Amino acid sequence: MSLFTALLALILVAVVAFVLYKVVKSVAGLIINAVVGVILLWLIDVLDLMSLVGRPDIPINLITVLICAIGGIFGVLVTVVLHLLGVPLTL
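Keep in mind that this is a model prediction, so the values were computed, not measured.

Caption draft 1: Helix 2 (residues 62-71), seen in detail. For helix 2, the N-terminal cap is Asn61; the gap from its side-chain oxygen to the backbone nitrogen of Ile63 is 3.2 Å. One or two residues past the end of helix 2 sits Gly72, with phi positive at roughly 65°.

Caption draft 2: Spotlight on the packing of helix 1 (residues 3-46) against helix 3 (residues 73-85). One can describe the packing of helix 1 onto helix 3 by two numbers: an axis separation of 7 Å at closest approach and a directional angle of 35°. Together, Asn33, Val36, Gly37, Leu40, Leu41 and Ile44 of helix 1 and Ile73, Val76 and Val80 of helix 3 make up the contact between the two elements. Split into classes, the residues belonging to the contact of helix 1 with helix 3 amount to seven nonpolar, two polar and no charged.

Caption draft 3: Representation of the nonpolar core in the model. Judged by nonpolar contacts, Leu41, Ile44, Met50, Ile58, Cys68, Val76 and Val80 together constitute the single largest core of seven residues. Secondary structure elements with two or more residues in this core: helix 1 and helix 3.

Caption draft 4: Region of interest: the packing of helix 1 against helix 2. Packing of helix 1 against helix 2 brings their axes to within 6 Å, and their N-to-C directions diverge by 140°. The angle between helix 1 and helix 2 falls in the class oblique. Helix 2 is crossed by helix 1, and the crossing has right-handed handedness. Facing Asn33, Ala34, Gly37, Val38 and Leu41 of helix 1, the residues of helix 2 in contact are Thr64, Val65, Cys68, Ala69, Ile70 and Gly71.

Caption draft 5: Examining unusual backbone geometry more closely. Residue Asp48 is not a glycine yet carries a positive backbone phi of 55°. Relative to the assigned elements, Asp48 resides in the loop between helix 1 and helix 2. A relative accessible area of 35% means that Asp48 is categorised as partly exposed.

Caption draft 6: Seen up close, helix 3. Its 13 residues give helix 3 an end-to-end C-alpha distance of 18 Å, which sits within 8% of 18 Å, the value for a rise of 1.5 Å per residue. Listing the buried residues of helix 3 in full gives Gly75, Val76, Thr79, Val80 and His83. Down the axis of helix 3, the buried set is contained in an arc of 135°. They therefore lie on one face. Exposed residues pointing more than 90 degrees away from the buried face of helix 3 are listed as Phe74, Leu77 and Leu85. Residues of helix 3 that are buried sit in contact with helix 1 and helix 2. At the exit of helix 3 stands Gly86, carrying a positive phi of roughly 90°.

Each value, and the rule that gives it
Residues numbered from 1 in each chain as written. Predicted model: local features only at pLDDT ≥ 70, side-chain atom pairs only at ≥ 80, totals over all residues. Heavy atoms only, no water. Polar contact = N/O pair within 3.5 Å; in protein donor to acceptor, adjacent residues only side chain to side chain. Helix = DSSP H or I, 4+ residues; strand = E, 2+ residues; numbered from the N terminus. Axes fitted to C-alpha atoms, helices over the stretch in contact; angles between N-to-C directions. Contact = heavy atoms within 4.5 Å. Nonpolar A, V, L, I, M, F, W, Y, C, P; charged D, E, K, R; others polar. Core = buried A, V, L, I, M, F, W, Y, C linked by side-chain atoms within 4.5 Å. Buried < 20%, exposed > 50% of the residue type's maximum accessible area, 1.4 Å probe, protein only. Parallel < 35°, antiparallel > 145°, perpendicular 65-115°, else oblique. Left-handed = near helix turned anticlockwise from the far one by under 90°. Expected span 1.5 Å × (residues − 1). Arc of directions from axis to C-beta.

Shown next, in the form of structure tokens:
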């Protein structure tokens, strides 16, 4: 193996490692955001926080879980505001 080939292989490995690091870092952030959103939705339901404003609990179904998983904390806020406005989040 020549010195040029070894140097090229080393550069290629460094670039692949950097790209994988960026991808894993962003995916880990998305997963943490999704888990926090779903847990907040669950806590709002368990602690019966919607009764403080005179509304029934937010139904936990596929749509509300997806909104909270994709949006995280912002998704929970959107779900709560839509529920307070009376927009049904059911199929």
